[in-house]
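So you can see what is in the structure, the chains are spelled out below.
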Amino acid sequence: MLREQISDFRNTLDLKAFLDSYDFVWENLKYHEGPIREIINDRIANIPIDWGNGGLIGNGLIGANIYKNGITSMKWGIGRGDIDGPTNCPQLGCLQQRLSLGDIILEVKNPIKKESLSISLRKAEVDGVIETDKGTLKYSSIAYAKKDCIIIDAKWDDEVEFDLSYVPSHGMTLKHHAAKAHEVPDRCFPPAPERKMADNTLIYNQKILNESLAPEGQFSIGLASKEAGNNHKIWYISIGFTRYGFTSEKEAEEEIKQVMAIDLKEIYRSHQKHWEDFYRKSIVKLPEEYWEKFYLMQLYKLGCCTRPGNLHVIDNMGVWPTLSAWPAAWWNLNVQLIYSSMQKANHLELIESLIDTLEHYDETLSENAKPLGIDDGWFIGRSAGRDMKSYPPSYEDIMEENPERVIIFELGNITWALHCVYRYYKSTMDQDILKRFYPMLKKAANSYLRIAYKKEDGKWHLPMTSSPEYPGPIDSTSNPVRDANYDLSLFRWALITLIESAKTLGIDDEPLMDTWIEHLENLTDYSMDDTGYTIGKDLPLTVSHRHYSHLLQFFPLHIVSEDNEAERRIIEKSIKTWMSMPEYLQGYSFTGSAAMLAALGDGNYAYKRLSGLKDFLNPNTLYTEGGGPVIETPLSANESIHYMLMQCHGSKVKIFPAMPDVWKNAEFYGLLAEGGFEISARYTDGETEFIYIKSMAGEPLIISPNFKAGFVIESNQEMKYETLENGCFQFELKAGEDLLLIKSSR
């Protein structure tokens, strides 16, 4: 039966045939002198062109970007996602930032005739071929999925000569490493790395200084090799780390020892099996090769950058650290966009790093909020290192409402991050997730409750806070304003969600329930004028705004709805106004507006905005802005694509709600919809062909199937449904039940 075939599609799909056609290939790899962009306005952007032409590998903790380092050399720019340290330099700020770990360099001694490079998404492997005047060198490299070890496997002809070695960095942050526009005092540099041999493994130990410039932690790079045959050699690279203490070399040694003991065939088998299981969680097929390949690459990058068990979020660097003005986690958009597509893509295992990190740093987040005058709040500012420390202004400064005292006071950041966690719950309806989420959101909301005040109009208002990235007279990325829509939307969402969650969990004695209800009923409305939503009270949108911080009430929170005629008019005006000033728009402006337009049902305009992202991308889909690389924007485009294929907000699921005219055919299998539904569907010749739905939680399903005519039902059980307004239908499925809707031939 068709229903069983669709249900089993992900398990039976020939992944080799599907994925191998989407390898990223550089047939004629060349070294490019110079940067992608020069330093702009004293901000670091001196990124090599070849960085954007590199092959990416990663296992969720460690990784490498493999690219040309010179005419005769290749670089493995290695990274480990949890290694950071203080900047120790006032000119560059004092937060914790990612460290430069050094590079693996492959240097060819013979004149090179031609080179090629490729990324196999299916095998999670980079392959290279170097043709010299004396023969050929072939290499492949993986970040082994089962252990934290990078493997380089090389074979060569007899007369080919080359070296492979580790070149240490200076153990400074990536911002220091790139800071040509700043003078870094010598005292800020840690001692040179210690080099030693340990059990046939070369170890480099690099001390990490604390804020007092005393050694406090250490990372260790391990490098070992073994012969695998005639002109065939395997190198093993490990990265150990201890934040406090100096025992990281033990981790580096042990990882290499364990991996070298595993048969090479088993390494490749288990590594590829891990990635095949990863890709089978959901399948998306698009009619354009560019966007299908792009979508798969973003999934691959997410799988490279995090995994269950991590106690750090994916930050702006991922596992591919490089020169950047932003080598840490930015919490006013970046973290949220990174985690935005995982829910629908059915990769809930990747979101665990966000949930676990927030739980792990509960005390730190509460400590961050103490300047607000409370012990039970949460706060995280614009950026933070792996220690999650952040510093808001004092309660007195906030309530004084002096703009100079509340610059970059972005109170809503932690609440927005928690929205990603809540979507995890809504995708599964797993109350264990809700039980973990509920106390987190309470603490985030407590910080709002602390500063909200009631005026003579009987409404609760917010003092001056910063709507992220909107320029002002004091700071080019901050303009403090009363009743900022950024914070009103997140505060309102938190109140709605807490009230609903308490009811779901059966918490009848919640002491804050009356407070939440009263604040929700009397929270002031969003600020707006005849151009749509403004930044905040008396602050209209009059200059180009790269962020959509003033529009969160529509996307991604969906507090205001495209299905409400009055709200839709305001939404449409707001997007039009925002997009009419393109001067400072960045790539994420295009992915965000694409999702919004898809939510409005305008597939053609959404596609146009999505296509605008291409101008910001490097060939390997990595992304740079004026201050250097940041990872989030291409990842967020997958959620824009999801919005064109399937939406699930406002208590309903919409299938193919915003398909552009150029996409006549598409299909997806195993996407997750809110309410705990696993959905597969096909779009053929411009109309829905079938929809397969499996309920995981037994929740009611309201669906807009987008059939041009009627549909027939295929199911093991009798399936009754109710016809609703606007082309919607309501089905009642028990947990584990499924059904197939097929377009009617009539």
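Our subject is the structure that appears above.
1. Observations regarding the sheet that holds strand β32 (residues 711–714)
Consideration 1: Strand order in the open sheet made by the 6 strands is β17-β28-β29-β30-β35-β32, with antiparallel pairing throughout. In this open sheet, the two strands that pair with only one neighbour each are β17 (283–285) and β32. The sheet shows a mean angle of 20° between the axes of neighbouring strands, taken without regard to direction.
Consideration 2: As defined by bridge partners, β17 adjoins strand β28 (residues 666–673) across 3 bridges and the pair is classed as antiparallel. Along β28, the bridge assignment pairs V284 with F668.

2. Some words on the packing of aromatic side chains
Consideration 1: Within the structure shown, the criterion is met by 36 aromatic pairs.
Consideration 2: Where F711 meets Y721, the ring centres are 5.4 Å apart and the plane angle is 45°; that geometry is what we call tilted. With F711 in strand β32 and Y721 in strand β33 (residues 721–723), the pair connects residues that are 10 residues apart, well separated along the chain.
Consideration 3: According to the relative accessible area criterion, F711 is buried, its value standing at 14%.
Consideration 4: Linked through ring pairs, F707, F711, Y721, F729 and F731 together constitute an aromatic cluster.
Consideration 5: Sitting over the face of the ring of F24, K293 holds its NZ or CZ atom 4.5 Å from the ring centroid.
Consideration 6: One Lys or Arg, R450, reaches over the ring of Y395 and ends 3.7 Å from the middle of that ring.

3. Section: a negative patch on the surface
Consideration 1: A surface patch of negative charge is lined by D157, D158, E159 and E161.
Consideration 2: Mapped onto the elements of the fold, E159 is located in the loop between β11 (150–156) and β12 (162–167).

4. Observations regarding the packing of helix α17 (residues 587–599) against helix α19 (residues 632–645)
Consideration 1: Axis separation between α17 and α19 bottoms out at 9 Å; the angle between their running directions is 10°. Classified by the angle their axes make, α17 and α19 are roughly parallel. Across the interface between the two elements, G587, Y588, T591, A594, A595, A598 and A599 of α17 pack against E632, T633, S636, A637, S640, Y643 and M644 of α19.
Consideration 2: The residue makeup of the contact of α17 with α19, split by class, is 8 nonpolar, 5 polar and 1 charged.

5. Observations concerning the pairing of β28
Consideration 1: Taking burial as the measure, the 8 residues of β28 include 8 buried ones, the bulk of the element.
Consideration 2: Across 6 bridges, the pairing between β28 and strand β29 (residues 677–684) is antiparallel. Its bridge partner lying in β29, A673 is registered against F677.
Consideration 3: As consecutive antiparallel partners, β28 and β29 are separated by 3 residues, and within that stretch G675 has a phi angle of approximately 105°, a positive value.

6. A short note on unusual backbone geometry
Consideration 1: In this model, F555 is joined to P556 through a cis peptide bond whose omega is 10°.
Consideration 2: Checked against the element boundaries, P556 lands in the loop between β23 (532–533) and α16 (565–579).
Consideration 3: Non-glycine residue N231 carries a positive phi angle of around 55°.
Consideration 4: In this fold, N231 is placed in the loop between β15 (215–229) and β16 (232–242).
Consideration 5: Look at N231 and you get buried, because its relative accessible area is 17%.
Consideration 6: Within the chain, S651 stands out as a residue other than glycine whose phi angle is a positive 65°.
Consideration 7: With respect to the secondary-structure elements, S651 resides in the loop between β26 (646–647) and β27 (653–655).
Consideration 8: With a relative accessible area of 67%, S651 lands in the exposed category.

7. Quick look at the side chain of T357
Consideration 1: One can find T357 in helix α9 (residues 348–360).
Consideration 2: T357 sits in the buried class, given a relative accessible area of 1%.
Consideration 3: Separated by 3.0 Å, the side chain of T357 and the backbone nitrogen of H312 make a polar contact.

8. With respect to helix α15 (residues 513–522)
Consideration 1: Of the residues making up α15, those classed as buried are M513, W516 and H519. In an axial view of α15, the angular spread of the buried residues amounts to 135°, which keeps them on one side of the axis. Among the exposed residues of α15, those oriented more than 90 degrees off its buried face are D514 and E521.
Consideration 2: The inward-facing, buried residues of α15 abut α13 (431–451), β21 (460–461) and α14 (485–504).

Cut-offs used in this document
- Residues numbered from 1 in each chain as written.
- Predicted model: local features only at pLDDT ≥ 70, side-chain atom pairs only at ≥ 80, totals over all residues.
- Heavy atoms only, no water.
- Pairing = 2+ DSSP bridges.
- Helix = DSSP H or I, 4+ residues; strand = E, 2+ residues; numbered from the N terminus.
- Axes fitted to C-alpha atoms, helices over the stretch in contact; angles between N-to-C directions.
- Phe/Tyr/Trp six-rings, centres within 6.5 Å; stacked < 30°, edge-to-face > 60°.
- Buried < 20%, exposed > 50% of the residue type's maximum accessible area, 1.4 Å probe, protein only.
- Lys NZ or Arg CZ within 6 Å of the ring centre and 35° of its normal.
- Patch = residues over 30% accessible without salt bridge, like charges linked within 9 Å, V, L, I, M, F, W, Y side chains within 5 Å.
- Areas by Shrake-Rupley, 256 points an atom, 1.4 Å probe, with all protein chains shown as cover.
- Salt bridge = Lys/Arg side-chain N within 4 Å of Asp/Glu carboxyl O.
- Lys, Arg positive; Asp, Glu negative; His and termini not counted.
- Charge placed at Lys NZ, Arg CZ, Asp CG, Glu CD.
- Parallel < 35°, antiparallel > 145°, perpendicular 65-115°, else oblique.
- Contact = heavy atoms within 4.5 Å.
- Nonpolar A, V, L, I, M, F, W, Y, C, P; charged D, E, K, R; others polar.
- Polar contact = N/O pair within 3.5 Å; in protein donor to acceptor, adjacent residues only side chain to side chain.
- Arc of directions from axis to C-beta.

These values are about where atoms sit, not about what they do.
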